[in-house]
Amino acid sequence: MKKGFFLLQCFLLNFSVHIAYADAPLPHLTDIVIEGSVDAPVISQTELQFEIGLPYILVITNDKPVAVSLYYGKFGQKVSTQYLQGTSGLTQESLVLNPNSKLQWYFIPQEEGEFPFYATNNGFNLHKKEGKIVVKKPVEEKQPQSTVSAQTETQNPSEEKGKASIRKSGGRRG
């Protein structure tokens, strides 16, 4: 009896978790790759764009045989991190990408702004290729035009019928 009750509790808990996240938006996936040489790593994209309040999963691939640091300025302080896996070091302004690995960062931007980012290996960034992270307010969807103004312009159908009969009879009712 206890085992059956326990299984029922587990099922209901799992079901309630699924219901709680049913309306949550799916995260947007963004992939970037560390390119260039071991001494001069560069990032495959020069600009990353995100919107406040939307969830994102950033996947960063480092195929290099050495660890690479990714500097991102104050960006990490302006997001709500849900999880971060695949790093061996993390500060407020950078993280370490392990050799031959992938990093996954699930976050939700909280504040707008522009933040520089670049890859470096032991302080070297010979190409000086710096990218930019741009966080914007979400684009508001336009609401359809209200039909209230169109309805107030048209009169009651019985009034229209009465006006039409007055026009036909030359202004006299009879």
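The preceding data block contains the structure.
Residues numbered from 1 in each chain as written. Predicted model: local features only at pLDDT ≥ 70, side-chain atom pairs only at ≥ 80, totals over all residues. Heavy atoms only, no water.

Chemist: I would appreciate a short explanation of the pairing of strand β3 (residues 47–51) in the present structure.
Modeler: Along any regular strand the residues' side chains alternate between the sheet's two faces. Burial along β3 is one-sided: the face carrying Leu48 and Phe50 is buried and the face carrying Glu47, Gln49 and Glu51 is not. Inspection of the sheet shows β3 paired to strand β11 (residues 131–136) by 5 bridges, in the parallel sense. Bridged to Gln49 within β11 is Val134. (Buried < 20%, exposed > 50% of the residue type's maximum accessible area, 1.4 Å probe, protein only. Helix = DSSP H or I, 4+ residues; strand = E, 2+ residues; numbered from the N terminus. Pairing = 2+ DSSP bridges.)

Chemist: I keep staring at the nonpolar core and nothing clicks. Help me out?
Modeler: What tends to happen in soluble globular proteins is that the nonpolar side chains get buried as a cluster. Counting residues in each nonpolar core, the largest one holds 23 residues, and the members touching the most others are Phe75, Trp105 and Ile133. When neighbours within four sequence positions are excluded, Trp105 is seen to be in contact with Tyr56, Ile57, Leu58, Tyr72, Phe75, Gly76, Val79, Thr81, Tyr83, Leu84 and Leu95. (Core = buried A, V, L, I, M, F, W, Y, C linked by side-chain atoms within 4.5 Å. Contact = heavy atoms within 4.5 Å.)

Chemist: What exactly am I supposed to notice about the pairing of β11 here?
Modeler: Pairing analysis gives 5 bridges linking strand β10 (residues 113–120) to β11, with the strands arranged antiparallel. Pairing of Gly113 across the sheet is with Val135, part of β11.

Chemist: Explain the environment of Ile52 to me, please; I cannot follow it from the model alone.
Modeler: Checked against the element boundaries, Ile52 lands in the loop between β3 and β4 (56–62). The spacing of Ile52 and Val79 is 27 residues in sequence and 8.8 Å in space, taken between C-alpha atoms. Not counting residues within four places of it along the chain, the set of residues in contact with Ile52 comprises Pro109, Gln110, Glu111, Glu112, Val135, Lys136, Lys137 and Pro138.

Chemist: Explain the sheet that holds β4 here, please?
Modeler: Hydrogen bonds between backbone atoms are what pair the strands of a sheet, whose relative direction is either parallel or antiparallel. Strands sit in the order β2-β1-β4-β9-β6 across an open sheet of 5 strands; the sheet is mixed. Two strands lie at the open edges of the sheet, namely β2 (41–43) and β6 (79–85), each paired on one side alone. Taken pair by pair, the neighbouring strands of this sheet meet at an average axis angle of 25°, ignoring direction. Here 7 bridges tie β4 to strand β9 (residues 101–109), and the two strands are oriented antiparallel to one another. By the bridge assignment for β9, Thr61 is matched with Lys102. (Axes fitted to C-alpha atoms, helices over the stretch in contact; angles between N-to-C directions.)

Chemist: Honestly, the pattern of salt bridges in this entry has me stumped. Any pointers?
Modeler: Pairing between side chains of opposite charge can happen when their charged atoms approach one another. Counting across every chain of the model gives 4 salt bridges. Taking the shortest distance from any N to any O, the salt bridge between Lys78 and Glu111 comes out at 3.5 Å. Residue Lys78 is located in the loop between β5 (68–71) and β6, and its partner Glu111 is located in the loop between β9 and β10; the two are separated by 33 residues in the primary sequence. Its salt-bridge partner being Lys132, residue Glu114 comes within 3.8 Å of it at the nearest N-O pair. One end of the pair, Glu114, is in strand β10; the other, Lys132, is in strand β11, with 18 residues separating them in the sequence. The exposure class of Glu114 is exposed, given its relative accessible area of 55%. Look at Lys132 and you get partly exposed, because its relative accessible area is 32%. (Salt bridge = Lys/Arg side-chain N within 4 Å of Asp/Glu carboxyl O.)

Chemist: Is there a simple way to explain the side chain of Lys64 in this structure?
Modeler: In this structure, Lys64 sits in the loop between β4 and β5. Buried and without a salt bridge, Lys64 has Asp63 as its closest oppositely charged side chain, separated by 7.0 Å. Polar contacts involving the side chain of Lys64 include one to the main-chain carbonyl oxygen of Gly36, which spans 2.8 Å. Those residues in contact with Lys64, other than ones at most four positions away along the chain, are Ile34, Glu35, Gly36, Ser37, Pro99 and Asn100. (Lys, Arg positive; Asp, Glu negative; His and termini not counted. Polar contact = N/O pair within 3.5 Å; in protein donor to acceptor, adjacent residues only side chain to side chain.)

Chemist: Any chance you could explain the sheet that holds strand β8 (residues 94–97) here in plain terms?
Modeler: One open sheet holds the 6 strands; their spatial order is β3-β11-β10-β5-β8-β7, and the pairing between them is mixed. In this open sheet, the two edge strands, each paired with only one partner strand, are β3 and β7 (87–90). Neighbour to neighbour, the strand axes of the sheet diverge by 20° on average, direction disregarded.

By themselves these figures say nothing about function.
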